[in-house]
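# Architecture at a glance
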Amino acid sequence: MKINFLGGVREVGGSCISVETDDAKVALDYGIKVGEKNSNGFPTEFDVVIISHAHLDHSGNLLSLSHGNPVIVGSQITRDVTADLLRDMIRIQHMNGNHFPYTNRDADNIRNSWWVRDSVALPGMSITLHSAGHVAGAKMTGIQAEGKQILYTGDFCLHDTEILKGSTPENLPKNPDALIVESTYGGTTRPHRSRLIDQLFTHILDAIERKGNILIPAFAFHRTQEMAKRIDQAMERGVLPNYNVYTISRLAHQITGHFNSHKQFFTQEIQQQKHPFNYRHVKHLRRTSQIKEPAIVICTSGFGHAGASLHLLNQWAADEDNAVIINSGYLPPESPLEIAKEKGELVENGNIIPVHAEVEQIELSGHADQEELIELVSKLEPDRTFLVHGEMEQAQLLSKKISGMTDVYIPEKNETITL
Ligand SMILES: [Zn+2]
């Protein structure tokens, strides 16, 4: 059996791994490097393309398969959200006047080529998907062929969140011959999640006391719904006082609809609610002009470089009563949020505006941190472990920690390993 690391190695972005026997050939993820115009072409001749979850760095290259009758496998939420994100990508590319050779029909082709299932049998190969945590619908992939077992984690976490259960190592195949594991935060240990949530609520409460506006930039998929639900529940339970709370993102609103229709992907508590993502205290708005201040606003883009979040950042940053809460661990260098955080200023139409609003970064990540990564490896006891989806430094820091438990390797792009 051959494993070819086609993309998303020694970096984050453009994930794709091919697994091949004499009788079957499978792709694990088919992503783009978000923000790069020309993502590299991957081979197209696969029996099955398995998509771990609906982030474009794992799924965004699927449009390049839209004319070739692909068989795509993944969960229902991954299918529905991927189709929405592909359509949104097409819209943005065309709006920006870029040459982008796809239309909504290609996104529809991808959606129609999707097999929603948790297991697939190919000649001499059986494939099983397991819950991965991370975001709604995310799956790990187990492959059994030629007497060997491979487990590919995709992006995952072991910790539970308000809306999603983490992955349970007890339900994953033990002693795989090869574990292919993400290493995004291979060198990072985070404070316990409950402490981060306490910090978040403290900052929100302080800004509410000042009657300030609170901007929370968030991604349309999962992070918006998770934050909205967290604040909604906190208000319902009296942890936060009543305040105007809004989400502003057409795409997020559409994705929220999928969340309500696929409750089975979420925690027991969420499943017991009739429409868990129809919030009591959080309203969806179409535009920023509808905001009644003071307010908490959860909006796209998550990096604050476009859309409502950029507009509100420019509008609110100069007032010291306001707060900006960043949840993403990563901010693109030179992005307005990064400059606001690091230099305390914003540049609008060539003018420098000093930032007096409080800017806080509280990282509520959906990725495993170093402790969780070590826990996974120690529980699964893989023969060999391949670290992917992480900058070299993060992968090396993790490698040091687990090298006593397993044979660790950090593959290069386009490197092929024979098992
Ligand atoms: Zn992801």
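Everything that follows concerns the structure shown earlier in this document.
Here goes a summary of the coordinates provided. All of these numbers come straight from a predicted model, not from anything done at the bench.

### Overview of the overall build of the protein chain
The helix and strand inventory of the protein chain stands at 11 helices and 22 strands. Here the protein chain has a C-alpha radius of gyration of 21 Å; the compact-globule value for 419 residues is 22 Å, and the two agree. Along the first, second and third principal axes, the C-alpha atoms of the protein chain reach 65 × 45 × 45 Å. Considering the protein chain as a whole, with its 419 residues, one finds that 58% of them fall into the buried category. Sequence separation of 24 or more characterises 70% of the internal contacts of the protein chain that already satisfy a separation of 6 or more. Carbon and sulfur atoms make up 46% of the accessible area of the protein chain, which amounts to about 18,000 Å² in all. Counting 39 positive and 52 negative side-chain charges, the protein chain places the averaged centre of each group 6 Å from the other.

### Concerning the sheet that holds strand β21 (residues 407-409)
One open sheet accounts for 7 strands, arranged β7-β8-β9-β10-β11-β20-β21; its pairing is mixed. Of all strands in the sheet, those with a lone pairing partner are β7 (119-122) and β21, marking the two edges. The average undirected angle you get between the axes of adjacent strands in this sheet is 15 degrees. Pairing geometry for strand β11 (residues 178-182) and strand β20 (residues 384-388), over 5 bridges, is parallel. Paired with Glu-182 across the strands is Val-388, a residue of β20. Helix-sheet contacts for helix α10 (residues 370-380) involve β10 (148-152) and β11, and the interaxial angle to β11 is about 170 degrees. Along the sheet face, helix α11 (residues 392-402) touches β11, β20 and β21 and points at about 160 degrees away from the line of β20.

### A closer look at the coordination of the zinc ion
Within the protein, the zinc ion binds to His-53 (NE2), His-55 (ND1), His-134 (NE2) and Asp-155 (OD); these donor distances fall in the range 2.2 to 2.3 Å. Taken together, the 4 donor atoms coordinating the zinc ion and their angles of 91 to 165 degrees define a geometry best described as irregular. Mapping the donors of the zinc ion onto the primary sequence yields the spacing H-x1-H-x78-H-x20-D. Of the two residues, His-55 sits in the loop between β4 (48-50) and α1 (56-59) while Asp-155 sits in the loop between β10 and β11, which places them 100 residues apart along the sequence. Looking at His-55, the relative accessible area reads 21%, which means it is partly exposed.

### With respect to the side chain of Thr-224
Mapped onto the elements, Thr-224 comes out in helix α5 (residues 223-236). With a relative accessible area of 3%, Thr-224 lands in the buried category. Separated by 2.6 Å, the side chain of Thr-224 and the backbone oxygen of Phe-219 make a polar contact.

### Re the packing of aromatic side chains
In the structure shown here, the tally under the stated rule is 11 aromatic pairs. Between Phe-100 and Tyr-102, the aromatic rings sit 5.3 Å apart at their centres with planes inclined by 75 degrees, giving edge-to-face as the arrangement. Each member of the pair, Phe-100 as well as Tyr-102, is classed as buried. When the centroid spacing of 6.3 Å and the interplanar angle of 85 degrees are considered together, the rings of Phe-386 and Tyr-409 count as edge-to-face. Of the two residues, Phe-386 is situated in strand β20 and Tyr-409 in strand β21; the sequence distance between them amounts to 23 residues. Accessibility expressed as a relative area gives 32% for Tyr-409, which makes it partly exposed. Of the aromatic side chains, those joined through ring pairs into one cluster are Phe-221, Phe-259, Phe-266, Phe-277 and Tyr-279. Its guanidinium or amino end placed over the ring of Phe-46, Lys-25 lies 5.1 Å from that ring's centre, counting from NZ or CZ. Arg-190 extends its terminal NZ or CZ atom over the ring of Tyr-185, reaching a point 5.5 Å from the ring centre.

### Describing α10
What α10 keeps buried is the set Gln-370, Glu-372, Leu-373, Leu-376, Val-377 and Leu-380. For α10, the secondary structure elements touched by its buried residues are β10, β11 and α11. Taken from the residues just after α10, Glu-381 is the one with a positive phi, measuring 50 degrees.

### Some words on the packing of helix α2 (residues 76-95) against helix α6 (residues 250-261)
Look at α2 against α6: their axes get within 10 Å of each other, and the N-to-C directions meet at 165 degrees. In terms of axis orientation, α2 runs roughly antiparallel to α6. Handedness of the crossing formed by α2 with α6: right-handed. Counting all contacts with α2, which are made through Ile-77, Asp-80, Val-81, Asp-84, Leu-85, Asp-88 and Arg-91, the residues of α6 involved are Arg-250, Leu-251, Gln-254, Ile-255, His-258 and Phe-259.

### Thoughts on the pairing of strand β2 (residues 16-20)
Of all 5 residues making up β2, 4 are buried, and the element is well covered by its neighbours. Pairing geometry for strand β1 (residues 2-7) and β2, over 5 bridges, is antiparallel. Counted as the bridge partner of Lys-2 is Glu-20 from β2. Sheet analysis places β2 next to strand β3 (residues 25-28), joined by 4 bridges and oriented antiparallel. Each residue of the ladder has a partner; that of Glu-20, found in β3, is Lys-25.

### Some remarks on a negative patch on the surface
Among the surface-exposed residues, Glu-20, Asp-22, Asp-23 and Glu-146 lie close enough to one another that they form a single negatively charged patch. Along the chain, Glu-20 falls in strand β2. With relative accessibility at 34%, the residue Glu-20 sits in the partly exposed group.

### Side note on the sheet that holds strand β6 (residues 114-116)
By definition, the strands of a sheet pair up through backbone hydrogen bonds, in either a parallel or an antiparallel sense. Taken together, the 7 strands give an open sheet; going across it, the order is β6-β5-β4-β3-β2-β1-β22, and neighbouring strands pair in mixed fashion. Every interior strand has two partners, whereas the edge strands, β6 and β22 (415-418), have only one. Ignoring strand direction, the axes of neighbouring strands in this sheet form an average angle of 25 degrees. Pairing of β1 with β22, which is carried by 4 bridges, proceeds in the antiparallel orientation. Residue Phe-5 lies in a different strand from β22, and its bridge partner there is Glu-415. The strands touched by α2 are β5 (72-74) and β6; relative to β6, the strand with the most contacts, the crossing angle is about 150 degrees.

Cut-off values and rules
- Residues numbered from 1 in each chain as written.
- Predicted model: local features only at pLDDT ≥ 70, side-chain atom pairs only at ≥ 80, totals over all residues.
- Heavy atoms only, no water.
- Helix = DSSP H or I, 4+ residues; strand = E, 2+ residues; numbered from the N terminus.
- Rg over C-alpha atoms; globule rule 2.2 N^0.38 Å.
- Buried < 20%, exposed > 50% of the residue type's maximum accessible area, 1.4 Å probe, protein only.
- Contact = heavy atoms within 4.5 Å.
- Areas by Shrake-Rupley, 256 points an atom, 1.4 Å probe, with all protein chains shown as cover.
- Lys, Arg positive; Asp, Glu negative; His and termini not counted.
- Charge placed at Lys NZ, Arg CZ, Asp CG, Glu CD.
- Pairing = 2+ DSSP bridges.
- Axes fitted to C-alpha atoms, helices over the stretch in contact; angles between N-to-C directions.
- Donors = N, O, S within 2.8 Å, 3.2 Å for Na, K, Ca; no water.
- Tetrahedral: all angles 85-135°; square planar, octahedral: opposite > 155°, others 65-115°.
- Polar contact = N/O pair within 3.5 Å; in protein donor to acceptor, adjacent residues only side chain to side chain.
- Phe/Tyr/Trp six-rings, centres within 6.5 Å; stacked < 30°, edge-to-face > 60°.
- Lys NZ or Arg CZ within 6 Å of the ring centre and 35° of its normal.
- Parallel < 35°, antiparallel > 145°, perpendicular 65-115°, else oblique.
- Left-handed = near helix turned anticlockwise from the far one by under 90°.
- Patch = residues over 30% accessible without salt bridge, like charges linked within 9 Å, V, L, I, M, F, W, Y side chains within 5 Å.
- Salt bridge = Lys/Arg side-chain N within 4 Å of Asp/Glu carboxyl O.

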